[in-house]
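# Topology and contacts: notes
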Amino acid sequence: MAYILIFITAIFVNNVVLSQFLGICPFLGVSKKVETAAGMGAAVAFVLTLSTLVTYLIQTQVLIPFHLEYLQTIAFILVIAALVQMVEIILKKVSPALYQALGVFLPLITTNCCILGVAILVAEGTYDHTGIESAGLLTGVWYALCTALGFGLALIIFAGIREQLSLMDIPKGMQGMSIALVTAGLLAMAFMGFSGVNNGLARLFELQ
């Protein structure tokens, strides 16, 4: 039940982009085509999940035992940067077209506040928006994976809407980023509707 609650909360209720406003740069920059958005979502999911696992182990096995918590940000960024380089190498060999389509936004995953933010939240055990106590590494990795899925879902939906908007006759003053921001706001409001489902599941979890 706890994992279901985290799944719904991380993807719909507290979506990392639409609710916590992390990862806005790739959300706006790589959302013109669904195919590109799906590729970016997959890349972020891989980096986010794996980096959360590695940074959690670094935090608990190295930084805390040796009282080096002040090096957390630097250590986490180095891990994320290494993983992004790995993704770049894999994409360049497996899918050159997607590698070219992602362009500058692929290396920007290194500085994506979504990646670093989730890694820090999980490492410090403060990622919980559901009222469930942190259960360690497994729960943290599950939260990271669900957060990545939420990021990918929001990105793909937003890209699909923008593709449809490109075919419509939009007033000149609203073209480009203006209509994109309005659309993002409406999408965020739509995701707020899931808060009732989350509250109902949380109460059910408390009764068990």
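Residues numbered from 1 in each chain as written. Predicted model: local features only at pLDDT ≥ 70, side-chain atom pairs only at ≥ 80, totals over all residues. Heavy atoms only, no water.

## Comments concerning the overall build of the protein
For clarity, the threshold we go by: What counts as a helix is a DSSP run of H or I of at least four residues, what counts as a strand is a run of E of at least two, and both are numbered from the N terminus. Summary of the burial criterion: residues with accessible area below 20% of their type's maximum are buried, those above 50% are exposed, and those between are partly exposed, where the area comes from a 1.4 Å probe applied to protein chains only. Whether two residues are in contact is decided by their heavy atoms: any pair within 4.5 Å suffices. Methods summary: accessible areas were calculated by the Shrake-Rupley approach with a probe of 1.4 Å, and residue burial reflects only the protein chains presented.
A count of helices and strands for the protein gives 9 helices and 0 strands. When the helices and strands of the protein are listed from N to C terminus, the series reads α-α-α-α-α-α-α-α-α. The buried share of the protein, reckoned over its 208 residues, is 45%. Within the protein, counting contacts between residues at least 6 apart in sequence, those at least 24 apart form 77% of the total. Roughly 10600 Å² of accessible area belongs to the protein as shown, and the carbon and sulfur atoms make up 70% of that amount.

## Thoughts on the confidence of the model for the protein
The line we're drawing: Residue-level confidence of the predictor, termed pLDDT, takes values from 0 up to 100.
Across the protein, the average pLDDT comes to 84, with 90% of residues at or above 70. Per-element confidence in the protein is highest for helix α7 (residues 137-165), whose mean pLDDT is 92, and lowest for helix α9 (residues 195-207), whose mean pLDDT is 63.

## So, the nonpolar core
The condition that has to hold: The criterion is simple. A nonpolar core is a set of buried Ala, Val, Leu, Ile, Met, Phe, Trp, Tyr and Cys residues joined through side-chain atoms within 4.5 Å.
In terms of nonpolar packing, the biggest core is built from 53 residues, with L18, F27, M40, V47, L106 and I109 touching the most fellow members. Elements that contribute at least two residues to this core include exactly α1 (2-13), α2 (24-29), α3 (34-63), α4 (72-94), α5 (96-102), α6 (113-124), α7 and α8 (177-192). In contact with M40, other than residues within four places in its own chain, are P26, V30, L102, F105, L106, I109, F151 and L155.

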